[in-house]
Amino acid sequence: MGEKRPVTVRNTRPGDFPGIVEMCRAVYSTSRPWSFEQLASHHAVFPEGQFVAVDPASGALLGMAASLIILWDDYEPQEAWRGFTAQGMFTNHDPVNGRTLYGAEVMAVPTEQGHGVGTALYKARRELAERLALLRIRAGSRLRGYGVHATELTPLEYVVRVVRGELYDPTLSFQLRRGFHVIDVVGGYLAHDPESMGYAATIQWLNVAVAKPEDYGTANPALAPYVPKPEA
Ligand SMILES: CC(C)(COP(=O)(O)OP(=O)(O)OC[C@H]1O[C@@H](n2cnc3c(N)ncnc32)[C@H](O)[C@@H]1OP(=O)(O)O)[C@@H](O)C(=O)NCCC(=O)NCCS
């Protein structure tokens, strides 16, 4: 798309909260923005996991990413976003037992999308997972382009076509190009998201420095051909 722009990524500070709320309103017109209470809770429980992307010259806010550490086995595979994030408060953050960095949010200011902001935020997240020697990053990728294909494809068929590069999804295609793969497809993930109709792909980036052979794979046979295999 557009040319890359200069971006600095740093940890989120309380002074960023009003700008994040404003950005949220611009990105998601149909859902409630992050509240100050939620953003303050993220900052209190896991400050290293919260990032903003800013313009290095002006300091203007360009994007944000919010994460927490979870013990994946505490959750059902079909868990909704609200469950993985304790209603958006991140009070379920579990750095003692958890080995999964859960990506709860990533967004770029609409007028700045396509210029490398999201890529810079993903890089910061990956570096955090590596620094903390976590096994993986997982997230629900809202299937933004599914709504327009819903009459002819099931969510799983849609995801397989995106993974094969036959369809473009504005969110999932971006994440696949950042080293993620799909391990599952879930419904009822997000409320108030007509574009995805609530469907999401469960995506994963594996930290190969710590992953064991049993950490690879997917339980979903339709996705099995498209997930990485451990090196022989
Ligand atoms: C997903 C998102 C964070 C990506 O951020 P971004 O700053 O646009 O990402 P980048 O500029 O680093 O990369 C964008 C990639 O998508 C491609 N792209 C294609 N059409 C695009 C569009 N209309 N807008 C943005 N990127 C587009 C770019 O070419 C680039 O491709 P690449 O993989 O070849 O590099 C951003 O689009 C966003 O905020 N979306 C809305 C919120 C959302 O859905 N978040 C995810 C929740 S699961």
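Quick note: structure is the one above.
In this numbering scheme, every chain counts its residues from 1 along its sequence in written order. The model is predicted, so local features are restricted to residues of pLDDT at least 70 and side-chain atom pairs to those at 80 or more, both for listing and for counting; the totals for chains, interfaces and linings are taken over all residues. Computation of side-chain values: all heavy atoms of the structure, hydrogens and water removed.

Chemist: Quick question: what am I supposed to make of the site of the ligand here?
Modeler: Any residue with a heavy atom lying within 4 Å of a molecule or strand is counted as near it. Surrounding the ligand, one finds 22 residues, the nearest of these being Gly116, Gly118, Thr119, Arg142 and Arg177. At a separation of 3.2 Å, an oxygen atom of the ligand approaches a polar side-chain atom of Thr171. In isolation the ligand exposes 920 Å². Once the protein is present, 82% of that is buried. Secondary structure follows DSSP: runs of H or I at least 4 residues long count as helices, runs of E at least 2 residues long count as strands, and numbering of each begins at the N terminus. The set of elements that each furnish at least two residues to the shell around the ligand consists of strand 4 (100–108), helix 4 (117–131) and strand 5 (136–142). All amino acids are sorted into three groups, where Ala, Val, Leu, Ile, Met, Phe, Trp, Tyr, Cys and Pro are nonpolar, Asp, Glu, Lys and Arg are charged, and the leftover types, Gly among them, are polar. Its residues placed into classes, the shell around the ligand shows 9 nonpolar, 9 polar and 4 charged. In protein, a polar contact means a hydrogen-donor-capable atom and an acceptor-capable atom, both N or O and within 3.5 Å, with residues adjacent in sequence counting only if both atoms are side-chain atoms; elsewhere, any N or O pair within 3.5 Å suffices. Surface accessibility in these figures is a Shrake-Rupley result with a 1.4 Å probe; residues are shielded only by whichever protein chains are displayed.

Chemist: What am I meant to see in the packing of helix 1 (residues 17–27) against helix 2 (residues 36–45) here?
Modeler: When two helices pack together, their arrangement is given by the angle between the helix axes and by the axis-to-axis distance. In this analysis an axis means a line fitted to C-alpha atoms, helices contributing only their contacting stretch, and an angle means the value between N-to-C directions, from 0 to 180 degrees. Contact pair helix 1 / helix 2: the axes reach a minimum separation of 10 Å and the direction vectors enclose 125°. With respect to helix 2, the axis of helix 1 lies oblique. Every pair of crossing elements has a handedness; the one defined by helix 1 and helix 2 is right-handed. For the pair helix 1 and helix 2, contact is made by Phe17, Pro18, Ile20 and Val21 and by Phe36, Leu39, Ala40 and His43, respectively. Within the contact of helix 1 with helix 2, the residues separate by chemical class into 7 nonpolar, 1 polar and no charged. These descriptions rest on fixed angle ranges, namely under 35 degrees for roughly parallel, over 145 for roughly antiparallel, 65 to 115 for roughly perpendicular, and the rest for oblique. Crossings are assigned a handedness: left-handed for a near helix turned anticlockwise from the far helix by less than a right angle, right-handed for a clockwise turn. Contacts are assigned to residue pairs that have any heavy atoms within 4.5 Å of one another.

Chemist: Please clarify how the pattern of salt bridges should be interpreted in this entry.
Modeler: Opposite charge on two side chains permits pairing when their charged atoms draw close. Every case where a carboxyl oxygen of Asp or Glu lies within 4 Å of a side-chain nitrogen of Lys or Arg is listed as a salt bridge. Counted by the stated rule, this structure contains 9 salt bridges. Asp193 is paired through a salt bridge with Arg142; the nearest N and O atoms lie 2.9 Å apart. Of this pair, Asp193 sits in the loop between strand 6 (181–186) and strand 7 (200–206) while Arg142 sits in strand 5, and the two are 51 residues apart along the sequence. Three labels apply to residues, based on accessible area from a 1.4 Å probe with only protein chains included: buried if under 20% of the type maximum, exposed if over 50%, partly exposed otherwise in between. In this structure Arg142 comes out as buried when scored by relative accessible area, which is 12%.

Chemist: Whenever I open this one, the packing of aromatic side chains confuses me. Can you help?
Modeler: Aromatic rings considered in pairs are described by the distance between their centres and by the relative angle of their planes. Working definition: a ring pair exists when centres of Phe, Tyr or Trp rings (six-membered ring for Trp) sit within 6.5 Å. Plane angles under 30 degrees give stacked, over 60 give edge-to-face, the rest tilted. Using the criterion set out here, one finds 11 aromatic pairs in the structure. An angle of 35° between the planes, with centres 6.5 Å apart, marks the rings of Trp72 and Tyr102 as tilted. One end of the pair, Trp72, is in the loop between strand 3 (61–70) and helix 3 (81–84); the other, Tyr102, is in strand 4, and 30 residues separate them in sequence. Of the two residues, Trp72 and Tyr102, neither departs from the other in class, the shared state being buried. When the centroid spacing of 5.5 Å and the interplanar angle of 80° are considered together, the rings of Tyr146 and Tyr199 count as edge-to-face. Taken together, the positions of Tyr146 in the loop between strand 5 and helix 5 (155–163) and Tyr199 in the loop between strand 6 and strand 7 put the pair 53 residues apart, joining distant regions of the chain. Accessibility expressed as a relative area gives 28% for Tyr199, which makes it partly exposed. In this structure an aromatic cluster arises from ring pairing among Trp72, Tyr75, Phe84 and Tyr102. To sit over a ring, a charge needs its Lys NZ or Arg CZ within 6 Å of the ring centre and within 35 degrees of the ring normal. A cation sits over an aromatic face here: Arg125 above Tyr122, 5.6 Å from the ring centre. Seen from the ring of Trp72, Arg138 lies directly overhead, with NZ or CZ sitting 4.4 Å from the centre.

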